[in-house]
Amino acid sequence: MIKLYNTLTREKEEFKPICPGKAGMYTCGPTVYWFAHIGNMRAYLFEDFLKRVLRYNGYQVKHVINLTDVGHLTSDDDTGEDKLEKGARRDNKTVWEVADFYAQAFKRDLKLLNFQEPDVWIKATDTIKEQIELIKVLEQKGFVYIIADGVYFDSSKLPSYGKLWPNKEMDLKAGARVEMAEGKKNLTDFALWKFSPKEGPKRQMEWESPWGIGFPGWHTECVVMSIENLGIPFDIHCGGIDHILIHHTNEIAQAEAAYGKDMCNYWMHGEFLVLKDEAKMAKSAGTVVLVEDLIKKGINPLAYRYLVMTAHYRKKMEFSWESLQSAQTGLDNLYEKFLEFKQAKKIGVPFGQKAEEYKNKFLEAINDDLNMPQALAVAWEVVKDKKLASSEKYYLLLDFDKIFGLNLDKAERKTEEEVPENIKKLLEERQTARQTKDWTKSDEIRKQIQTLGWDVEDTPEGQKARKL
Ligand code: AMP
Ligand code: ZN
């Protein structure tokens, strides 16, 4: 039995699929105007763990992820600029080129983090016709009004509006947009279709519609892309917690208004990755770390995967380079142990009762609302248990890695890179500078070392050089 926390009911519930043995899940994908940062990746990782857990339990999973390539505005109040149009101006490219470039970058990052490939990738711009059809249905049912800048959904017409909000009173204030487009009837109304602005730069992406030339609203896109691929209702819809108040609330509103049905049965949300002493990791605040940055610092991207597993997905996680470094050490140790067991394993060693118990304990952890920290703890218990044979340890860890995705089977013994003579000499000079407390010189030498493709770390055991 898998238990999952459902934001809709505010409870951990037993997962009951619509179709026996099958699970459909939709992930709100990236807005492809820039690189996804490791905070975004935390959200996608929780979804990857979810998919792996469902598969581990024997479910045939259909995972749909979208690429938001139009309609996501810089502000949640429907008044900002389209992120893609802005990105195109910044990069001096067409919106289509920008979307394609960052979509490729995103897919590359998923590979580096060893994600299981989604079954369906879908772009918002590939479903414009269907989105217009959905708005037409909403219009026929009386949920729509038109103002100067677009076609809007009248949230006061839907009694269930805001059902995803944990605290309706409080969230009404938080979920309400601070600024209101002129003519909007209620604070919580939202744009289904926006007209191309008459002033300012001409939009590159725009389409004809029964209401005028323009483009769809972000919330409409996800309703269409999920239901077109998974039906209504479908099993699981996921995203980061920031989507609860507005994006997912407005998806639910449209689906219920148009189809008179629940959109999906389980709504799951991942907590944020935050920076120590700073606000959340946000592209707009310029406080972001990319997967590429990990590689530049010589960190295995899978160490980030390991780090994410050390906190429950519904708990806020504080990021620091030190914690990532510890995760890298943890991962390297696990690789090391796994290789030991692999070498020592013998064919034909039976799987004993103790090993079975560990397997059950592991299953219990992952099926308890994806308790990855507990699952990781079980793996380390296995490593340390003197009563288990190496073969048992090897096969248990290999099995657990179906969930972890740490590529244990590809682990290789780490060979320390030989530090070249010129770097060694610079290290000595830096050591002298540090002994005389000449920090400026020490920093200068460090920069020199970096320009030669190496970096130096000051550890309790002294300077440690490593290749960038
Ligand atoms: P976006 O491209 O902004 O739509 O975000 C993509 C996904 O990342 C969404 O599911 C967001 O909720 C999630 N997200 C954004 N920032 C963070 C963060 N700092 N930590 C965790 N998830 C995040
Ligand atoms: Zn979405």
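As a convention, each chain's residues are numbered from 1 in the sequence order in which they are written. Think of it this way: whatever chain is written first is A, whatever ligand is written first is 1, and the rest follow in order. For this predicted model, a pLDDT threshold of at least 70 governs which residues receive local features, and a threshold of 80 or more governs which side-chain atom pairs are given and counted, while totals over whole chains, interfaces and linings are taken from all residues. The basis for every side-chain value is the complete set of heavy atoms in the structure, and neither hydrogens nor water enter the calculation.

### Describing the overall build of the chain
Numbering goes from the N terminus for both helices and strands, where a helix is a DSSP run of H or I of at least four residues and a strand is a run of E of at least two. Secondary structure assignment for the chain yields 15 helices and 15 strands. We compute the radius of gyration over the C-alpha atoms and compare it with the globule rule, which gives 2.2 Å times the number of residues raised to the power 0.38. Over its C-alpha atoms the chain spans a radius of gyration of 25 Å, differing by no more than 12% from the 23 Å that the globule rule assigns to 468 residues. When its C-alpha atoms are laid out on the principal axes, the chain stretches across 70 × 60 × 40 Å. Note on classification: 1.4 Å probe, protein chains only; a residue is buried when its accessible area is under 20% of the maximum for its type, exposed when over 50%, partly exposed between these limits. For the chain, with 468 residues in total, the buried portion stands at 53%. The long-range fraction of contacts in the chain, counting pairs at least 24 apart against all pairs at least 6 apart in sequence, stands at 74%. Contacts between residues were defined by any pair of non-hydrogen atoms, one from each residue, lying within 4.5 Å.

### A look at the nonpolar core
Remark: nonpolar core denotes a set of buried residues (Ala, Val, Leu, Ile, Met, Phe, Trp, Tyr, Cys) joined through side-chain atoms within 4.5 Å. In terms of nonpolar packing, the biggest core is built from 76 residues, with Met 41, Leu 54, Ile 236, Tyr 304 and Phe 404 touching the most fellow members. The element that contributes the greatest number of residues to this core is helix H1 (residues 38-56), accounting for nine residues. Each of domain 1 (18-270) and domain 2 (323-410) contributes no fewer than three residues to this core. For Ile 236, the contacting residues outside a window of four places in its chain are Leu 4, Phe 15, Gly 24, Met 25, Tyr 26, Leu 50, Leu 54, Cys 264, Tyr 266 and Met 268. In this structure, Tyr 26, Cys 28, Phe 190 and Ala 258 belong to the second largest nonpolar core, which totals 60 residues. Domain delimitation in this document rests on an assignment produced automatically or drawn from a domain database.

### Points about the site of ligand 1
Residues are counted as near a molecule or strand when any one of their heavy atoms sits within 4 Å of it. Around ligand 1, a shell composed of 17 residues is seen, among which Gly 39, Asn 40, Gly 240, Asp 242 and Leu 273 lie nearest. At a separation of 3.0 Å, an oxygen atom of ligand 1 approaches a polar side-chain atom of Asn 40. Across the complex, the protein chains shield 94% of the 490 Å² of accessible surface that ligand 1 would expose by itself. If you list the elements that add at least two residues to the shell around ligand 1, you get H1 and strand S10 (234-240). The leading source of residues in the shell around ligand 1 is H1, at four residues. Under the scheme applied here, ten amino acids are nonpolar (Ala, Val, Leu, Ile, Met, Phe, Trp, Tyr, Cys and Pro), four are charged (Asp, Glu, Lys and Arg), and all others, including Gly, are polar. Classifying every residue of the shell around ligand 1 by side-chain character gives six nonpolar, eight polar and three charged. Pairs of N or O atoms are called polar contacts if they sit within 3.5 Å, as long as, within protein, a hydrogen donor faces a hydrogen acceptor (for residues adjacent in sequence, only side-chain-to-side-chain pairs). Only the protein chains shown count as cover for residues, and all accessible areas are computed by the Shrake-Rupley method using a 1.4 Å probe.

### Considerations on the packing of aromatic side chains
Each aromatic pair joins two rings of Phe, Tyr and Trp (for Trp, the six-membered one) with centres within 6.5 Å, and gets the label stacked for planes under 30 degrees apart, edge-to-face for over 60, and tilted for any other angle. For the structure on display, the rule yields 21 aromatic pairs. Centroid distance Phe 362 to Phe 400: 3.9 Å. Interplanar angle 10°. Geometry classified as stacked. Taken together, the residues Phe 362 in helix H11 (residues 353-367) and Phe 400 in helix H13 (residues 390-404) connect sequence positions 38 residues apart. The class of Phe 400 is buried, set by a relative accessible area of 0%. Pairwise contacts between aromatic rings join Trp 34, Phe 35, Phe 101 and Tyr 102 into one cluster.

### A closer look at the side chain of Gln 131
Within the element layout of this structure, Gln 131 appears in helix H4 (residues 128-140). The exposure class of Gln 131 is buried, given its relative accessible area of 0%. Among the polar contacts made by the side chain of Gln 131, one reaches the side chain of Thr 127 at a distance of 2.9 Å. Setting aside residues up to four positions removed in sequence, Gln 131 forms contacts with Ala 124, Pro 216, Gly 217, Thr 220, Glu 221 and Val 224.

### Brief notes about the domain arrangement of the chain
Along its sequence, the chain is organised into domain 1 (18-270), domain 2 (323-410) and domain 3 (421-467). A C-alpha centroid distance of 49 Å is found between domain 1 and domain 3.

### Some thoughts on the pattern of salt bridges
A pair is scored as a salt bridge if a Lys or Arg side-chain nitrogen falls within 4 Å of a carboxyl oxygen belonging to Asp or Glu. Enumeration according to the criterion identifies 22 salt bridges in this entry. Notably, a salt bridge pairs Arg 55 with Asp 119, separated by 3.3 Å at the nearest N-O pair. One end of the pair, Arg 55, is in helix H1; the other, Asp 119, is in the loop between helix H3 (95-112) and strand S5 (120-123), with 64 residues separating them in the sequence. For Arg 55, a relative accessible area of 29% translates into the label partly exposed. Take Asp 119: its relative accessible area is 42%, and that puts it in the partly exposed class. Measuring nitrogen to oxygen at the nearest pair gives 2.8 Å for the salt bridge that ties Asp 149 to Lys 194. Note that Asp 149 is positioned in the loop between strand S6 (144-147) and strand S7 (150-153) and Lys 194 in strand S8 (residues 190-195), a separation of 45 residues in sequence. For Asp 149, a relative accessible area of 22% gives the class partly exposed. Since its relative accessible area comes to 9%, Lys 194 is described here as buried. Each of the salt bridges in this network shares a partner with another, and the network as a whole consists of Asp 48, Arg 52 and Arg 305.

### Notes on the coordination of the zinc ion (ligand 2)
The rule for donors is simple: N, O or S, within 2.8 Å of the metal, or within 3.2 Å if the metal is Na, K or Ca. Water isn't counted, so a site may look like it is missing partners. Coordination of the zinc ion (ligand 2) by the protein involves Cys 28 (SG), Cys 222 (SG) and His 247 (NE2), with metal-donor separations of 2.1 to 2.2 Å. For the zinc ion (ligand 2), the single-chain donor residues occur in sequence as C-x193-C-x24-H. Placement of the pair is Cys 222 in helix H6 (residues 218-230) and His 247 in helix H7 (residues 244-259), with a sequence separation of 25 residues. His 247 shares its class with Cys 222; the two are buried.

### A short note on the sheet that holds strand S3 (residues 22-27)
The strand order across the open sheet formed by five strands is S5-S4-S3-S10-S11, and the pairing between neighbours is parallel. If you trace the sheet from one side to the other, it starts and ends with S5 and strand S11 (264-270), each paired once. Taken pair by pair, the neighbouring strands of this sheet meet at an average axis angle of 20°, ignoring direction. Strands pair, by our definition, only if DSSP identifies at least two bridges between them. Pairing analysis gives four bridges linking strand S4 (residues 60-67) to S5, with the strands arranged parallel. When the sheet's bridge partners are listed, Leu 67 is paired in S5 with Lys 123. For every element, the axis is a line fit to its C-alpha atoms; helices are fit only across the contacting stretch, and the angle between N-to-C directions ranges from 0 to 180 degrees. Relative to S4, H6 is tilted by about 155°, and along the sheet it contacts S3, S4, S5 and S10.

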